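Chain and residue survey
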Amino acid sequence: PADAVPQAPEDPLFGLSRAYKADTSPDKVDLGIGAYRDDNAKPWVLPVVKKADEILRNDPEANHEYLPIAGLQAFTSRAAELLLGKSAPAIAEKRTVSVQSISGTGAVHLGALFLAKFYKGSRTVYLSNPTWANHHQIFSNVGLPIATYPYFSKETRGLDVDGLKATLEKADEGSIIVLHACAHNPTGVDPTPEQWREIASVMKAKKHFPFFDTAYQGFASGDLDRDAGAIRHFAEEGFELVIAQSFAKNFGLYGQRAGCFHYVAPSGAGAAEGANIATRVSSQLSILQRSEISNPPIYGARIASIVLNDDALFAEWQENLRTMSGRIIDMRKKLRAKLEELQTPGGWNHITDQIGMFSFTGLSEPQVLKLRTDYHIYMTKNGRISMAGLNSRNVEYVAAAFDKVVRE
Ligand code: PMP
């Protein structure tokens, strides 16, 4: 009966965005948004996406037919190369399966569903503490048990690598470990390449199953290969693994829902058996996909595919990525410099040490609320700010407001 349906709380991020929109102050600053903004606080259509759009619109062959169940192959195969590298053994040996998804969220869901169906037993899913809040909902919705591993150190505002490794060592063998490939959301803290190697070696010893979530490749450092470093290391180590890949941020295709889910069979099974496993996995993913969405959306995949399959456009995309990541890195430097100039109590090096769209400022919940009511600056209660909300006109205002609430 309908009265068995209780009212659910509003999604905190969307609630924040609603409060920001309702604020009439000319000084208001939105540091909650999870989308890139240019220096005029406006959404940015990547110039290379405009070009691809033009090509698509002038293509007399283009139509609105269904894609195959697994999506646009010209897109998904390039997407796998982007993650694993063009000459990856897993691709050459046909140990990979790539299925187009409803952006990153849909890829995480498809992966969760697949694991819930075929990797059940006592497997627990370990999420970083904290993580993108949706991870908790997506994995629990498919009935997988959830635990967390330590990630962020409040003291150093960096990675709690010892706590992380200790928890992975204690976890039951074969646990599923969700890892942010780069630009960890919400903290902006990533393991160093050396720390990734240590994490991989603990996971190998415990036969854990890596579940990578990558939503910021190229957007984090401006270098697509560098931002795929962790995934490539695990793949080279021969792990059986899965990857949820979003093209929302790095193509600015948020609403088009372009993404992919990838499965990589273990290298240890031998090339022939690896390919057999991949064939079986592919057949099962098709069935899951068919019942969930039937076939994925076509438009964003075509745009991305045009860029990924053309050398000149690909080079231009890399330039666009450097524009976005460069502006964000510049804002990190400006915010830190201003706070240090004001001699705001506490260290601020974490602002430039952290990477990607988000930064964990270390501001407390009362400080966050004070920033909202007194200064019209909006961020999530955990003190996470989106760097994309800063620009050359508001960064000094924001630093001055941080300074005031920290001193109170
Ligand atoms: N994973 C993480 C860690 C994210 O930050 C995001 C975007 N906020 C996603 C997945 C998926 O986003 P989308 O579904 O828009 O691709």
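None of these values were measured; they are calculated from a predicted model.

**What about the overall build of the chain?**
The number of helices and strands found in the chain is 17 helices and 11 strands. Expected size for 408 residues packed as a compact globule is a radius of gyration near 22 Å; at 22 Å, the chain falls within 12% of this value. Across its three principal directions, the C-alpha atoms of the chain cover 65 × 55 × 55 Å. When each of the 408 residues of the chain is scored for burial, the buried share is 45%. Restricting the contact set of the chain to residue pairs at least 6 apart, pairs at least 24 apart contribute 75%.

**Section: the domain arrangement of the chain**
Taken domain by domain, the chain comprises domain 1 (11-45 + 326-407) and domain 2 (73-309). Residue-level contacts link 17 residues of domain 1 with 20 residues of domain 2. At the level of secondary structure, the elements contributing two or more residues to the side of domain 1 that touches domain 2 comprise helix H15 (349-353) and strand S9 (358-360). Among the residues making up the side of domain 1 that touches domain 2, the classes are represented as 8 nonpolar, 7 polar and 2 charged.

**Looking at the environment of Gln343**
Along the chain, the position of Gln343 falls in the loop between helix H14 (311-341) and H15. Classification of Gln343 by C-beta neighbours within 10 Å gives exposed; the count is 8. Considered as a pair, Gln343 and Asp403 are 60 residues apart in the sequence and their alpha carbons are 8.2 Å apart.

**Things to note about helix H10 (residues 229-236)**
Among the residues making up H10, those that are buried are Ala230, Ile231, Phe234 and Ala235. Here the buried residues of H10 occupy an arc of 135° about the axis, which is enough to place them on one side. The positive-phi residue at the C-terminal boundary of H10 is Gly238, with phi of around 85°.

Reading the values: rules and limits
Residues numbered from 1 in each chain as written. Predicted model: local features only at pLDDT ≥ 70, side-chain atom pairs only at ≥ 80, totals over all residues. Helix = DSSP H or I, 4+ residues; strand = E, 2+ residues; numbered from the N terminus. Rg over C-alpha atoms; globule rule 2.2 N^0.38 Å. Buried ≥ 20, exposed ≤ 12 C-beta atoms within 10 Å, placed from the backbone. Contact = placed C-beta atoms within 7 Å. Domains from an automatic or database assignment. Nonpolar A, V, L, I, M, F, W, Y, C, P; charged D, E, K, R; others polar. Arc of directions from axis to C-beta.

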